[in-house]
Amino acid sequence: MLVASYGATTEERGGTAVLIPYSSIACRKDETDDQARRRVAQSAVHALAGRVTRVDIEADEHPIQLLSAYAPVSPPPLRIQFMKSLRKYINKNTVLGMDANCVPDETLDLKRSATSPYDNAGANELAEAVSHFDLSDTLREQLGPQPYYTCHRPTTAGVCHTRIDQLYTPNIDGLIWQHRSDPPQLKKSDHDAVQVSFNAATGDRGNDISRMNEAVFDSLEFNQTVAGILNASPHETPEQWVEAKKAITKAAMRESTKLKRATKAEEVTKDIQIRMLQDLLTTGKATSADIEKIAKLRMERA
């Protein structure tokens, strides 16, 4: 099944598409093959002048959105606006494949001889969107700092290697995503394909292990909460002590969840600050304080 979107121009570029083998379209209970195909076709979304195509499918009974996107090459403000608009077509079940025309990290995803500033507008907005919906850059998570470039363009200063082609996958319980190092080769293109596969976890699902962050006890406010629980609860007998401990544990788990969310938000903020400071470095506008700050931020994120 081919679901495609086309731009308003007559140029032979700028569109997006999602291609799904019929064998990969799962039927719901009491649904025929034809009904399943119609359901997927009717879920299609075509948006942003052909630069977005989205369809809904199911993978191992999990709802999945397949989203194909193509960011504008230029001008930079248009690409930034595109990334902001793209966000409303993403959710926590999205598999996002796109030519972003910007790279996630200039220090890892860019190799060139040119000394002029690299136009990476839109990278911060894309990073915010995928982080908000907890999508993973599967390739980078599995390869670490190992170089991997998907686009190779000759310039007057030499070949510019970039990772502007990206795939982001959802964190869904029971689905294990894997970067594929053997994607199909593309003819007549200066881009390389990016590919991921998934496996469904088998066996009976166990209970999640609840983890308490000991750092919650560094908070004066939380310690006051613990004191309040102890003061309000009788604990003269072993049974009463057990109930008091349960109440404290429950409060500590809630506080651990809040701390985890705050930590992730802080990490996203630091990543954005690093990219902004990196822009200053590449344009020669960074001060000594900026250089010290970016070094400190990278140490904190290491």
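Residues numbered from 1 in each chain as written. Predicted model: local features only at pLDDT ≥ 70, side-chain atom pairs only at ≥ 80, totals over all residues. Heavy atoms only, no water.

Draft legend 1. Spatial organisation of the pairing of strand 4 (residues 52-59). For strand 4, a buried count of 6 out of 8 residues is recorded, marking the element as mostly surrounded by other parts of the structure. Pairing between strand 3 (residues 45-47) and strand 4: 3 bridges, direction antiparallel. Directly across from Ala47, in strand 4, lies its bridge partner Val52. Here 8 bridges tie strand 4 to strand 5 (residues 62-70), and the two strands are oriented antiparallel to one another. For Val52, the partnering residue across the bridge sits in strand 5 and is Ala69. (Buried < 20%, exposed > 50% of the residue type's maximum accessible area, 1.4 Å probe, protein only. Helix = DSSP H or I, 4+ residues; strand = E, 2+ residues; numbered from the N terminus. Pairing = 2+ DSSP bridges.)

Draft legend 2. Representation of the sheet that holds strand 3. Strand order in the open sheet formed by 6 strands is 3-4-5-6-11-8, with mixed pairing between adjacent strands. This sheet does not close on itself; its edge strands, each paired only once, are strand 3 and strand 8 (135-137). For this sheet, the mean angle separating the axes of adjacent strands, direction not counted, is 20°. (Axes fitted to C-alpha atoms, helices over the stretch in contact; angles between N-to-C directions.)

Draft legend 3. Expanded view of the pairing of strand 1 (residues 2-5). Here strand 1 shows a clear split, with Val3 and Ser5 buried on one side and none of Leu2 and Ala4 buried on the other. Summarising the sheet, strand 1 and strand 2 (residues 16-19) pair through 4 bridges and their orientation is antiparallel. Of the residues in strand 2, the one forming a bridge with Val3 is Val18.

Draft legend 4. Spotlight on helix 1 (residues 33-42). Residues of helix 1 that are buried include every one of Ala36, Arg39 and Val40, and no others. Within helix 1, the buried residues cover an arc of 95° as seen down the axis, which keeps them to one side. Close packing links the buried residues of helix 1 with strand 4. (Arc of directions from axis to C-beta. Contact = heavy atoms within 4.5 Å.)

Draft legend 5. The arrangement of empty space enclosed by the protein in detail. In this structure the tally under the stated criterion is 1 cavity of 30 Å³ or more. By volume, the largest cavity is sized at about 40 Å³. Every residue along the wall of the largest cavity is listed here: Asp137, Thr138, Leu139, Arg163, Asp165, Gln166, Leu167, His179, Val194, Gln195 and Val196. Sorting the residues of the lining of the largest cavity by element identifies helix 4 (138-143), strand 11 (165-170) and strand 13 (195-200) as the ones contributing at least two each. (1 Å grid on protein atoms, 1.4 Å probe; cavity = no way out; pocket = protein on both sides within 12 Å on 5 of 7 lines; lining within 4 Å. Points joined across faces, edges and corners; volume = space filled by probe spheres on them.)

Draft legend 6. Representation of the sheet that holds strand 9 (residues 151-155) within the structure. Read from one edge to the other, the open sheet built from 3 strands follows the order 7-10-9, with strand pairing classed as antiparallel. For this open sheet the edge positions go to strand 7 (110-111) and strand 9, each flanked by a neighbour on one side alone. For strand 7 and strand 10 (residues 158-162), the ladder comprises 2 bridges, and the chain directions are antiparallel. Across the sheet, Leu110 pairs through a bridge with Thr162, a residue of strand 10.

Draft legend 7. Focus on the nonpolar core. Core analysis: the biggest nonpolar cluster contains 21 residues, and Met83, Leu86, Leu96, Met98 and Leu126 have the highest contact counts within it. Contributions of two or more residues to this core are made by strand 5, helix 2 (76-86), strand 6 (94-99) and helix 3 (123-132). Here this core takes 4 residues from helix 3, the largest share from any one element. Core analysis: the second largest hydrophobic core is formed by 18 residues, Met1, Ile20, Ile64 and Leu66 among them. (Core = buried A, V, L, I, M, F, W, Y, C linked by side-chain atoms within 4.5 Å.)

Draft legend 8. Examining the pattern of salt bridges more closely. Counting across every chain of the model gives 10 salt bridges. Residues Asp119 and Arg79 are paired through a salt bridge, measuring 2.9 Å at the closest nitrogen-oxygen approach. Highlighted residues: Asp119 in the loop between strand 7 and helix 3 and Arg79 in helix 2, separated in sequence by 40 residues. Here Asp119 falls in the partly exposed class, since its relative accessible area comes to 31%. A relative accessible area of 1% means that Arg79 is categorised as buried. Where Lys270 meets Glu266, a salt bridge forms, and the shortest distance between an N and an O atom there is 3.3 Å. Highlighted residues: Lys270 and Glu266, both in helix 6 (residues 238-282), separated by 4 residues, approximately one helical turn. Its relative accessible area of 43% is what places Glu266 among the partly exposed residues. Residues joined by salt bridges that share partners form a network here, namely Asp109, Asp137, Arg140 and Arg163. (Salt bridge = Lys/Arg side-chain N within 4 Å of Asp/Glu carboxyl O.)

Any functional reading would require information beyond the geometric quantities listed.
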